[in-house]
Amino acid sequence: MPAADIAYVIFDHEDLDLTGRFFADFGLVPSYETAHEIGLRAASALSDCYIARKAQGRPGLAAIGMRADSMEMLAQVAEFPEASAVEPIERPGGGWRVRLRSPDGLPFELVHGIEPHRAELPCREPLRINHGQAKVRYGEWQRPEFEATPVLRLGHVAILTPDFRRNAEWLQSRFGMAPSDLLFDGQPENLLGGFFHCKGAARWTDHHTLALFPGNEARVHHTSFEVQDMDAQFLGNKWLLKRGWRPFWGVGRHILGSQVFDYWYDPDGNLVEHFTDSDLVQPGCTPGLHQVDDDALAQWGPPMPVSAFIDPWHTPR
Ligand SMILES: [Fe+2]
(Lines give C-alpha, C1' and ligand atoms only; values in the text may rest on other atoms or scores of the structure.)
Protein backbone atom coordinates (compact mmCIF):
# COMPACT_ATOMS: atom_id res chain seq x y z
CA MET A 1 0.00 0.00 0.00
CA PRO A 2 2.03 2.99 -1.24
CA ALA A 3 2.13 6.58 0.02
CA ALA A 4 0.37 9.08 -2.22
CA ASP A 5 2.66 12.10 -1.87
CA ILE A 6 4.67 14.18 0.53
CA ALA A 7 2.47 16.19 2.91
CA TYR A 8 4.79 18.48 4.88
CA VAL A 9 8.10 19.02 6.54
CA ILE A 10 8.63 20.23 10.10
CA PHE A 11 11.81 22.09 11.00
CA ASP A 12 12.96 23.53 14.32
CA HIS A 13 14.49 26.99 13.95
CA GLU A 14 16.70 29.17 16.10
CA ASP A 15 14.78 32.41 15.44
CA LEU A 16 11.12 31.99 14.53
CA ASP A 17 10.53 35.65 13.53
CA LEU A 18 13.49 35.63 11.16
CA THR A 19 12.36 32.29 9.73
CA GLY A 20 8.88 33.71 9.15
CA ARG A 21 10.35 36.69 7.29
CA PHE A 22 12.50 34.44 5.12
CA PHE A 23 9.62 32.17 4.11
CA ALA A 24 7.38 35.17 3.36
CA ASP A 25 10.03 36.30 0.87
CA PHE A 26 10.39 32.71 -0.37
CA GLY A 27 6.66 32.65 -1.20
CA LEU A 28 4.89 30.73 1.58
CA VAL A 29 1.97 32.19 3.55
CA PRO A 30 1.27 31.74 7.28
CA SER A 31 -1.97 29.92 8.04
CA TYR A 32 -1.54 30.11 11.83
CA GLU A 33 1.04 31.50 14.22
CA THR A 34 1.72 30.93 17.89
CA ALA A 35 4.71 31.96 20.01
CA HIS A 36 6.29 28.56 19.30
CA GLU A 37 5.10 27.54 15.86
CA ILE A 38 4.17 28.89 12.42
CA GLY A 39 2.13 26.84 9.96
CA LEU A 40 2.95 27.83 6.38
CA ARG A 41 0.88 27.03 3.36
CA ALA A 42 1.33 27.20 -0.39
CA ALA A 43 -1.13 28.57 -2.95
CA SER A 44 -2.66 25.13 -3.51
CA ALA A 45 -5.49 24.20 -1.17
CA LEU A 46 -3.47 21.32 0.28
CA SER A 47 -2.85 21.41 4.04
CA ASP A 48 0.11 23.35 5.48
CA CYS A 49 3.32 22.16 3.85
CA TYR A 50 5.93 23.69 6.17
CA ILE A 51 5.75 23.82 9.94
CA ALA A 52 8.39 26.06 11.51
CA ARG A 53 8.86 25.51 15.24
CA LYS A 54 10.90 27.41 17.80
CA ALA A 55 13.85 25.13 18.55
CA GLN A 56 13.89 23.87 22.12
CA GLY A 57 17.14 21.99 21.51
CA ARG A 58 19.20 21.61 18.36
CA PRO A 59 17.61 23.25 15.29
CA GLY A 60 16.97 21.15 12.19
CA LEU A 61 14.60 18.57 10.80
CA ALA A 62 11.77 17.49 13.10
CA ALA A 63 9.76 15.42 10.58
CA ILE A 64 9.13 14.58 6.96
CA GLY A 65 5.43 13.85 6.60
CA MET A 66 4.31 11.44 3.88
CA ARG A 67 0.61 11.28 2.96
CA ALA A 68 -1.33 8.01 2.97
CA ASP A 69 -4.67 7.67 1.20
CA SER A 70 -6.18 5.53 3.95
CA MET A 71 -6.15 4.82 7.68
CA GLU A 72 -5.51 1.22 6.70
CA MET A 73 -2.03 2.13 5.47
CA LEU A 74 -1.32 3.90 8.77
CA ALA A 75 -2.40 0.78 10.67
CA GLN A 76 -0.15 -1.38 8.49
CA VAL A 77 2.91 0.85 8.91
CA ALA A 78 2.28 1.09 12.67
CA GLU A 79 3.12 -2.64 12.79
CA PHE A 80 6.79 -2.07 11.90
CA PRO A 81 9.12 -2.25 14.93
CA GLU A 82 10.43 1.30 14.52
CA ALA A 83 6.92 2.80 14.28
CA SER A 84 4.66 4.44 16.87
CA ALA A 85 1.00 3.61 17.25
CA VAL A 86 -1.51 5.57 15.16
CA GLU A 87 -2.03 8.85 17.03
CA PRO A 88 -3.89 12.13 16.50
CA ILE A 89 -2.03 15.15 15.14
CA GLU A 90 -2.36 18.02 17.64
CA ARG A 91 -2.19 20.85 15.13
CA PRO A 92 -4.67 22.94 13.10
CA GLY A 93 -6.02 20.66 10.39
CA GLY A 94 -5.91 17.64 12.68
CA GLY A 95 -5.55 14.20 11.13
CA TRP A 96 -3.69 11.07 12.17
CA ARG A 97 -0.09 10.00 12.03
CA VAL A 98 2.40 7.22 12.64
CA ARG A 99 5.90 8.34 13.62
CA LEU A 100 8.87 6.29 12.52
CA ARG A 101 12.61 6.72 12.08
CA SER A 102 14.57 5.78 8.99
CA PRO A 103 17.55 3.41 9.34
CA ASP A 104 19.70 6.56 9.56
CA GLY A 105 17.53 7.87 12.41
CA LEU A 106 15.77 10.63 10.46
CA PRO A 107 12.23 11.39 11.69
CA PHE A 108 9.37 10.52 9.33
CA GLU A 109 5.61 10.57 9.78
CA LEU A 110 2.96 8.85 7.71
CA VAL A 111 -0.22 10.94 7.86
CA HIS A 112 -3.85 10.74 6.85
CA GLY A 113 -6.99 12.81 7.22
CA ILE A 114 -5.50 16.31 7.59
CA GLU A 115 -8.07 18.94 6.57
CA PRO A 116 -7.07 20.75 3.38
CA HIS A 117 -7.48 24.52 3.18
CA ARG A 118 -10.85 25.73 1.93
CA ALA A 119 -9.55 27.52 -1.13
CA GLU A 120 -6.48 28.13 -3.22
CA LEU A 121 -4.64 31.42 -2.79
CA PRO A 122 -4.58 33.82 -5.74
CA CYS A 123 -1.70 33.16 -8.10
CA ARG A 124 -1.19 34.45 -11.61
CA GLU A 125 -1.79 32.11 -14.56
CA PRO A 126 1.20 30.52 -16.31
CA LEU A 127 2.69 33.02 -18.76
CA ARG A 128 1.87 32.58 -22.42
CA ILE A 129 5.22 32.39 -24.15
CA ASN A 130 5.99 33.52 -27.70
CA HIS A 131 8.32 30.69 -28.65
CA GLY A 132 10.45 31.04 -31.80
CA GLN A 133 8.21 28.81 -33.88
CA ALA A 134 5.00 28.98 -31.86
CA LYS A 135 3.64 32.47 -31.25
CA VAL A 136 0.58 32.80 -29.02
CA ARG A 137 0.69 36.45 -27.88
CA TYR A 138 -0.17 39.27 -30.26
CA GLY A 139 -0.23 42.89 -29.08
CA GLU A 140 -0.02 41.86 -25.40
CA TRP A 141 2.97 42.72 -23.22
CA GLN A 142 4.80 40.31 -20.92
CA ARG A 143 4.90 42.05 -17.51
CA PRO A 144 4.65 39.54 -14.65
CA GLU A 145 4.56 41.22 -11.26
CA PHE A 146 7.79 41.54 -9.25
CA GLU A 147 6.93 40.00 -5.88
CA ALA A 148 7.77 37.14 -3.57
CA THR A 149 7.05 34.35 -6.02
CA PRO A 150 4.01 32.36 -4.90
CA VAL A 151 4.88 28.77 -3.99
CA LEU A 152 2.30 26.34 -5.36
CA ARG A 153 3.12 23.25 -3.31
CA LEU A 154 5.82 21.24 -1.57
CA GLY A 155 7.41 18.94 -4.15
CA HIS A 156 10.23 16.87 -2.68
CA VAL A 157 12.91 16.40 -0.06
CA ALA A 158 16.45 15.24 -0.79
CA ILE A 159 18.31 13.40 1.96
CA LEU A 160 22.00 12.70 2.44
CA THR A 161 22.81 9.19 3.59
CA PRO A 162 25.98 7.20 4.26
CA ASP A 163 24.03 3.97 3.57
CA PHE A 164 22.09 4.23 0.33
CA ARG A 165 20.95 0.62 -0.05
CA ARG A 166 19.53 0.26 3.43
CA ASN A 167 17.62 3.53 3.24
CA ALA A 168 16.41 2.90 -0.31
CA GLU A 169 14.99 -0.46 0.78
CA TRP A 170 13.32 1.24 3.74
CA LEU A 171 11.63 3.86 1.54
CA GLN A 172 10.32 1.06 -0.64
CA SER A 173 9.13 -1.20 2.18
CA ARG A 174 7.60 1.53 4.42
CA PHE A 175 6.15 3.98 1.90
CA GLY A 176 5.98 1.87 -1.27
CA MET A 177 8.29 4.24 -3.12
CA ALA A 178 10.00 3.25 -6.36
CA PRO A 179 13.15 4.51 -8.09
CA SER A 180 12.89 6.72 -11.18
CA ASP A 181 16.66 7.09 -11.59
CA LEU A 182 19.58 5.49 -9.74
CA LEU A 183 23.13 6.81 -9.38
CA PHE A 184 26.32 4.73 -9.32
CA ASP A 185 30.03 5.39 -9.04
CA GLY A 186 32.41 3.32 -11.17
CA GLN A 187 30.53 0.02 -11.49
CA PRO A 188 26.72 -0.06 -11.89
CA GLU A 189 26.53 -2.34 -8.82
CA ASN A 190 28.04 0.45 -6.72
CA LEU A 191 24.78 2.32 -6.19
CA LEU A 192 25.07 5.40 -4.00
CA GLY A 193 22.01 7.50 -4.68
CA GLY A 194 18.62 7.65 -6.32
CA PHE A 195 15.41 9.51 -7.02
CA PHE A 196 12.18 7.93 -5.75
CA HIS A 197 8.58 8.52 -6.77
CA CYS A 198 5.33 7.74 -4.99
CA LYS A 199 3.34 4.82 -6.31
CA GLY A 200 0.03 6.12 -4.96
CA ALA A 201 -3.11 6.33 -7.05
CA ALA A 202 -1.99 9.04 -9.50
CA ARG A 203 -1.49 8.00 -13.12
CA TRP A 204 1.48 10.35 -13.47
CA THR A 205 3.59 11.44 -10.56
CA ASP A 206 6.63 13.63 -9.83
CA HIS A 207 9.94 12.16 -11.00
CA HIS A 208 10.98 12.30 -7.36
CA THR A 209 9.25 12.98 -4.09
CA LEU A 210 12.20 11.77 -2.03
CA ALA A 211 15.82 11.58 -3.19
CA LEU A 212 18.83 9.98 -1.54
CA PHE A 213 22.29 11.43 -2.14
CA PRO A 214 25.58 10.09 -0.76
CA GLY A 215 26.81 11.92 2.34
CA ASN A 216 28.99 11.33 5.37
CA GLU A 217 26.14 12.12 7.74
CA ALA A 218 22.39 11.58 7.53
CA ARG A 219 20.56 14.88 7.13
CA VAL A 220 18.22 16.73 4.81
CA HIS A 221 20.08 18.14 1.83
CA HIS A 222 17.20 20.32 0.63
CA THR A 223 13.45 20.78 0.61
CA SER A 224 11.87 21.83 -2.67
CA PHE A 225 8.77 23.82 -3.61
CA GLU A 226 7.10 24.29 -6.99
CA VAL A 227 6.52 27.71 -8.56
CA GLN A 228 4.45 28.57 -11.63
CA ASP A 229 6.99 29.00 -14.42
CA MET A 230 10.45 30.20 -15.33
CA ASP A 231 9.61 33.88 -14.90
CA ALA A 232 8.29 33.11 -11.42
CA GLN A 233 11.61 31.36 -10.80
CA PHE A 234 13.80 34.26 -11.96
CA LEU A 235 11.62 36.94 -10.35
CA GLY A 236 11.66 34.95 -7.12
CA ASN A 237 15.46 34.85 -7.37
CA LYS A 238 15.60 38.62 -7.86
CA TRP A 239 13.19 39.16 -4.93
CA LEU A 240 15.19 37.00 -2.53
CA LEU A 241 18.45 38.70 -3.57
CA LYS A 242 16.93 42.14 -3.12
CA ARG A 243 15.76 41.20 0.37
CA GLY A 244 19.29 40.15 1.31
CA TRP A 245 18.89 36.37 1.65
CA ARG A 246 21.74 34.01 0.81
CA PRO A 247 21.74 32.13 -2.50
CA PHE A 248 23.38 28.73 -2.95
CA TRP A 249 22.93 27.73 -6.60
CA GLY A 250 20.69 28.79 -9.45
CA VAL A 251 19.01 29.46 -11.66
CA GLY A 252 19.75 26.35 -13.73
CA ARG A 253 18.17 23.18 -15.09
CA HIS A 254 18.89 19.75 -13.63
CA ILE A 255 19.36 16.66 -15.76
CA LEU A 256 17.62 13.96 -13.68
CA GLY A 257 14.09 15.23 -13.11
CA SER A 258 14.75 18.16 -15.49
CA GLN A 259 13.67 20.78 -12.95
CA VAL A 260 14.62 24.38 -13.40
CA PHE A 261 16.14 24.92 -9.96
CA ASP A 262 17.14 27.72 -7.60
CA TYR A 263 18.59 26.90 -4.16
CA TRP A 264 18.67 29.22 -1.13
CA TYR A 265 19.85 29.03 2.47
CA ASP A 266 17.20 29.70 5.09
CA PRO A 267 18.33 31.67 8.19
CA ASP A 268 19.51 28.44 9.89
CA GLY A 269 21.48 27.33 6.83
CA ASN A 270 19.00 24.69 5.62
CA LEU A 271 18.74 24.54 1.84
CA VAL A 272 15.38 25.21 0.21
CA GLU A 273 14.68 25.11 -3.51
CA HIS A 274 12.24 26.71 -5.93
CA PHE A 275 11.58 24.47 -8.92
CA THR A 276 9.47 24.52 -12.05
CA ASP A 277 8.97 22.39 -15.17
CA SER A 278 9.87 19.03 -13.63
CA ASP A 279 9.44 15.60 -15.22
CA LEU A 280 6.48 13.34 -14.49
CA VAL A 281 6.80 9.56 -14.53
CA GLN A 282 4.37 6.66 -14.46
CA PRO A 283 4.37 4.83 -11.11
CA GLY A 284 6.53 1.74 -11.28
CA CYS A 285 8.44 2.85 -14.40
CA THR A 286 11.79 1.21 -15.21
CA PRO A 287 14.50 3.24 -13.46
CA GLY A 288 17.41 4.82 -15.31
CA LEU A 289 21.00 4.13 -14.21
CA HIS A 290 23.56 6.95 -14.26
CA GLN A 291 27.22 7.49 -13.44
CA VAL A 292 27.75 10.32 -10.94
CA ASP A 293 30.12 12.98 -12.26
CA ASP A 294 30.36 16.74 -12.42
CA ASP A 295 28.43 16.83 -15.69
CA ALA A 296 25.51 14.88 -14.19
CA LEU A 297 23.99 17.72 -12.17
CA ALA A 298 22.81 20.35 -14.61
CA GLN A 299 22.05 20.98 -18.28
CA TRP A 300 22.78 24.65 -17.73
CA GLY A 301 23.35 27.04 -14.85
CA PRO A 302 26.29 28.35 -12.85
CA PRO A 303 29.16 25.83 -12.48
CA MET A 304 28.76 23.39 -9.56
CA PRO A 305 30.94 20.32 -8.87
CA VAL A 306 29.12 17.34 -7.30
CA SER A 307 31.34 17.59 -4.19
CA ALA A 308 30.22 21.18 -3.54
CA PHE A 309 26.56 20.38 -4.22
CA ILE A 310 26.59 17.48 -1.80
CA ASP A 311 28.21 19.54 0.96
CA PRO A 312 26.79 23.05 0.70
CA TRP A 313 27.65 23.85 4.32
CA HIS A 314 31.41 23.50 4.05
CA THR A 315 32.05 24.89 0.61
CA PRO A 316 33.13 28.54 0.63
CA ARG A 317 31.23 30.36 -2.10
FE1 LIG B 1 15.50 19.28 -5.62
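Residue positions are counted from 1 within each chain, in the order its sequence is given. Thresholds applied to this predicted model are a pLDDT of at least 70 for local features of residues and 80 or more for the giving and counting of side-chain atom pairs; totals over whole chains, interfaces and linings are not thresholded and use all residues. Excluded from the side-chain calculations are hydrogens and water; all other atoms, namely the structure's heavy atoms, are used.

Okay, the overall build of the chain next. For helices the rule is a DSSP run of H or I covering at least 4 residues; for strands it is a run of E covering at least 2, with both sets numbered from the N terminus onward. Scanning the chain from N- to C-terminus turns up five helices and 20 strands. Two things to know: the radius of gyration comes from C-alpha atoms, and the globule rule equals 2.2 Å times the number of residues to the power 0.38. Taking 20 Å as the expected radius of gyration for a compact globule of 317 residues, we find that the chain reaches 19 Å, a close match to that expectation. Considering only C-alpha atoms, the chain reaches an extent of 60 × 50 × 40 Å along its principal axes. A total accessible area of about 14,900 Å² is found for the chain, and carbon and sulfur atoms account for 51% of it. Every accessible area reported is derived by Shrake-Rupley at a probe size of 1.4 Å, with residue values counting cover from the shown protein chains alone.

On to the coordination of the iron ion, then. Each pair of donors in an ideal octahedron of six around a metal sits at 90 or 180 degrees, and each pair in an ideal tetrahedron of four sits at 109.5 degrees. Think of the donor list as every N, O and S atom within 2.8 Å of the metal, or within 3.2 Å for Na, K and Ca; water never makes the list, so a site can look incomplete. The iron ion binds to the protein through H156 (NE2), H222 (NE2) and E273 (OE), with metal-donor distances spanning 2.1 Å. Mapped onto the sequence, the donors of the iron ion take the spacing H-x65-H-x50-E. Note that H156 is positioned in strand β9 (residues 153-161) and H222 in strand β14 (residues 219-226), a separation of 66 residues in sequence. For the pair H156 and H222, a shared accessibility class is recorded, and that class is buried. Under the scheme applied here, a residue whose accessible area is under 20% of the maximum for its type counts as buried, over 50% as exposed, and between as partly exposed, the area being computed with a 1.4 Å probe on protein chains only.

Among all positions of helix α1 (residues 16-26), only L16, T19, F22, F23, D25 and F26 are buried. Its side-chain oxygen 3.1 Å from the backbone nitrogen of D17, D15 forms the N-cap of α1. Any pair of N or O atoms that falls within 3.5 Å is considered a polar contact. Within protein, one atom must be able to donate a hydrogen and the other to accept it, and sequence-neighbouring residues count only if both atoms are side-chain atoms.

We now examine the nonpolar core. Residue types Ala, Val, Leu, Ile, Met, Phe, Trp, Tyr and Cys, when buried and joined through side-chain atoms within 4.5 Å, form a set referred to as a nonpolar core. Within the largest apolar cluster, 52 residues are counted, with the highest numbers of intra-cluster contacts made by I64, M66, F108 and F175. No other element matches the five residues that helix α3 (residues 164-175) contributes to this core.

The aromatic pairing rule takes the rings of Phe, Tyr and Trp, using the six-membered ring of Trp, and pairs them if the centres are within 6.5 Å, calling planes under 30 degrees apart stacked, those over 60 edge-to-face and the rest tilted. Under the counting rule described, the total for this entry stands at 23 aromatic pairs. Ring centres of W249 and Y263 lie 6.1 Å apart, and the angle between their planes is 10 degrees; on these two criteria the pair is classed as stacked. Separated by 14 residues along the polypeptide, W249 in strand β15 (residues 246-254) and Y263 in strand β16 (residues 260-265) bring together distant segments of the chain. A single burial state applies to W249 and to Y263, both of which are buried. An aromatic cluster of at least three residues, connected via ring pairs, comprises F195, F213, F248, W249, F261, Y263, Y265 and F309. Only when the NZ of Lys or the CZ of Arg is both within 6 Å of the ring centre and within 35 degrees of the ring normal is a charge said to sit over the ring. Sitting over the ring of F80, R174 keeps its end group 3.7 Å from the ring centre. Lying across the ring of W313, R219 places its NZ or CZ 3.5 Å from the centre.

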